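Each chain, letter by letter, is given below.
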Amino acid sequence: MNCRNCNAVMRVDQERKVFVCPYCESIEPLDGVSAAELKGLLHDAIKDVRKESMQEARQAMQQQKALAKNRTSGQKTADAVIFVLQIWACIFLSVFSVAMFTEYTLTGIVSFVQLILLIVSMVMKHKWRMTGERKYFKVKNVCQIIAGVLIIAWIASLNVDGGSSSGSIGSIGKEEAWPTQGFGSDLPKPEGKIKYAFSDKTGFNATITGVSQTGFDDYVKACKEKGYNVDEEVTSNKYEAYDADDNKLTVDFYDGRLSVDIDKAIVWDVTRWPESEIAKVVPAPKAEKYSIQRISSNDLEIYAGELTKDQFVEYVLACQNAGYDGTYDSSRDYFYGRKDDISLRLEFKRGKLLYVDVYLLTK
């Protein structure tokens, strides 16, 4: 029986003895309907309900399939974006390590290997999602584990400075060659790993890691044998001395790191005290030769030689009389004084050299 309002198939409500429209809820009485007709109506109603239920189920399945398809498509897009970002990140790490840390040759190789491993891992992940085969999943995990270990080693190799001569990741970096020419190239090579070495006509500088206390002591002894044994000053972690040509050697030792420096002998290129304005703010020492280290409108650094200890004390007194307030430290042969906005530092070195440092504070 169809509804008079919306023409939909009406359903039987046996309890109330009426027909009910499931859409507009119109009601029709069952009066005059035989038992056979009522049975047929019930049968038709059940068929209609089943048909509607199947249609609703089919629509729900179609909606789920559409959602799953959209979700899969979105996942593929996200995977593709992540894949591209990971590739670029790996390339950046590889190029960065080679370009910025050229002394770490093996570090660049490690970063390149982890790049390959991560690419293989991402390809295996894609295949596993497409096929569901476990072998791709296992290969992916193995590649990621190895790449992770290499990343840890990569980071450690950039941070460890090679404080130990054996067993540390820092020791995988490229070692500098000990200079064979230039100033100071006749120095012996110490134990440990050479991190930096420079030698030219003006000076020498080198840094060595992985050095022990015994290595420092042995190196000082070797430098003495090379002639750096004049006016020695030695402690447990520092050695200073000159050679016969007045070239100064400084060897510093701290926490397994050795620093070796040679300052070329002073060049006495001036025979008169400078006549610049900055030089006029202090008395002129009584010396026959000078070496200007630095001079500007507000700064003067100069050596005067050769003077006696008494002449140095005499010069300190002359500066005090000129208005520089300060105290002379006789134990260190050192004087620091101030006059208005001018600072003055004097030192007596090696029993014959006067060092003068003048600085204009407010200019």
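Up top you'll find the structure we're talking about.
The structure presented is a predicted model; accordingly, all values stated were derived computationally and were not measured.

Q: I keep staring at the side chain of glutamate 301 and nothing clicks. Help me out?
A: Locating glutamate 301 in the fold gives a position in strand E11 (residues 299-305). On the basis of relative accessibility, which here comes to 15%, the residue glutamate 301 falls in the buried class. The residues touching glutamate 301, leaving out its near neighbours within four places in the chain, are Ser291, Ile292, Gln293, Arg294, Tyr355, Val356 and Asp357.

Q: Would you take a moment to explain a nonpolar patch on the surface for this structure?
A: The grouping of Phe112, Val113, Ile116, Val120 and Val139 at the surface amounts to a nonpolar patch, some 370 Å² of accessible area in total. Take the nonpolar patch: its biggest share by element is four residues, from helix H2 (residues 105-131). Along the polypeptide, phenylalanine 112 turns up in helix H2. Judged by relative accessible area, which is 47%, phenylalanine 112 ranks as partly exposed.

Q: Just checking my understanding: could you explain the sheet that holds strand E3 (residues 27-29) for this structure?
A: Through backbone hydrogen bonds, the strands of a sheet pair up, either in parallel or in antiparallel fashion. Taking strand neighbours across the sheet as the criterion, the three strands line up as E1-E2-E3 in an open arrangement whose pairing is antiparallel. The outermost strands of the open sheet, each flanked by one partner alone, are strand E1 (11-13) and E3. Going across the sheet, the axis of each strand differs from the next one's by a mean of 35 degrees, ignoring polarity. Examined bridge by bridge, E1 and strand E2 (residues 18-20) share three bridges and lie antiparallel to one another. Paired with arginine 11 across the two strands is valine 20, which belongs to E2.

Q: Sorry if this is basic, but what is going on with the pairing of strand E5 (residues 203-209) here?
A: For a regular strand, side chains alternate in direction, first toward one face of the sheet and then toward the other. The buried fraction of E5 amounts to six of the seven residues, a majority that puts the element mostly inside the structure. Looking at chain direction, strand E4 (residues 193-199) and E5 are connected through six bridges and run antiparallel. The residue bridging lysine 193 from the neighbouring strand is threonine 209, located in E5. Remark: three residues form the turn of the hairpin made by E4 and E5, two consecutive strands paired antiparallel.

Q: What am I meant to see in helix H5 (residues 309-321) here?
A: Every α-helix winds through 3.6 residues per turn, so residues three or four apart in the chain are directed the same way. With 13 residues, H5 should cover 18 Å at 1.5 Å per step; its first-to-last C-alpha distance of 19 Å lies within 8% of that length. If you check which residues of H5 are buried, you get Phe312, Tyr315, Val316 and Cys319. Axial view of H5: buried residues confined to an arc of 100 degrees, hence all on one face. Residues of H5 that are exposed and point over 90 degrees away from its buried face: Asp310 and Asn321. Buried positions along H5 lie against strand E12 (325-329), strand E13 (334-339), strand E14 (342-349) and strand E15 (353-360).

Q: What is the right way to read the side chain of aspartate 299 from this model?
A: By the secondary structure assignment, aspartate 299 is in strand E11. The class of aspartate 299 is buried, set by a relative accessible area of 10%. Here arginine 294 takes part through its side chain, which lies 2.5 Å from a polar atom of the side chain of aspartate 299.

Q: Whenever I open this one, the nonpolar core confuses me. Can you help?
A: Counting residues in hydrophobic clusters, the biggest one holds 24 residues, and the most contacted among them are Trp273, Tyr315, Leu344, Leu346, Val356 and Val358. Every element with two or more residues in this core is listed here: E11, H5, E14 and E15. Residues within four places of valine 356 in sequence aside, it is in contact with Trp273, Leu300, Glu301, Ile302, Tyr315, Leu344, Arg345 and Leu346. Listed in part, the 22 residues of the second largest apolar core include Ala197, Ile208, Tyr228 and Leu249.

Q: What is the right way to look at the pattern of salt bridges in this model?
A: Between side chains of opposite charge, a pair can form when the charged atoms approach closely. Enumeration over the complete set of coordinates arrives at 15 salt bridges. Close ionic contact of arginine 350 with aspartate 246 constitutes a salt bridge, the shortest N to O distance being 2.7 Å. With arginine 350 in the loop between E14 and E15 and aspartate 246 in the loop between strand E7 (238-242) and strand E8 (248-254), this pair connects stretches of sequence that are 104 residues apart. A cluster of three or more residues bridged by salt bridges with shared partners is formed by Asp231, Asp246, Arg350 and Lys352.

Conventions we followed
- Residues numbered from 1 in each chain as written.
- Predicted model: local features only at pLDDT ≥ 70, side-chain atom pairs only at ≥ 80, totals over all residues.
- Heavy atoms only, no water.
- Helix = DSSP H or I, 4+ residues; strand = E, 2+ residues; numbered from the N terminus.
- Buried < 20%, exposed > 50% of the residue type's maximum accessible area, 1.4 Å probe, protein only.
- Contact = heavy atoms within 4.5 Å.
- Patch = residues over 30% accessible without salt bridge, like charges linked within 9 Å, V, L, I, M, F, W, Y side chains within 5 Å.
- Areas by Shrake-Rupley, 256 points an atom, 1.4 Å probe, with all protein chains shown as cover.
- Salt bridge = Lys/Arg side-chain N within 4 Å of Asp/Glu carboxyl O.
- Pairing = 2+ DSSP bridges.
- Axes fitted to C-alpha atoms, helices over the stretch in contact; angles between N-to-C directions.
- Expected span 1.5 Å × (residues − 1).
- Arc of directions from axis to C-beta.
- Polar contact = N/O pair within 3.5 Å; in protein donor to acceptor, adjacent residues only side chain to side chain.
- Core = buried A, V, L, I, M, F, W, Y, C linked by side-chain atoms within 4.5 Å.

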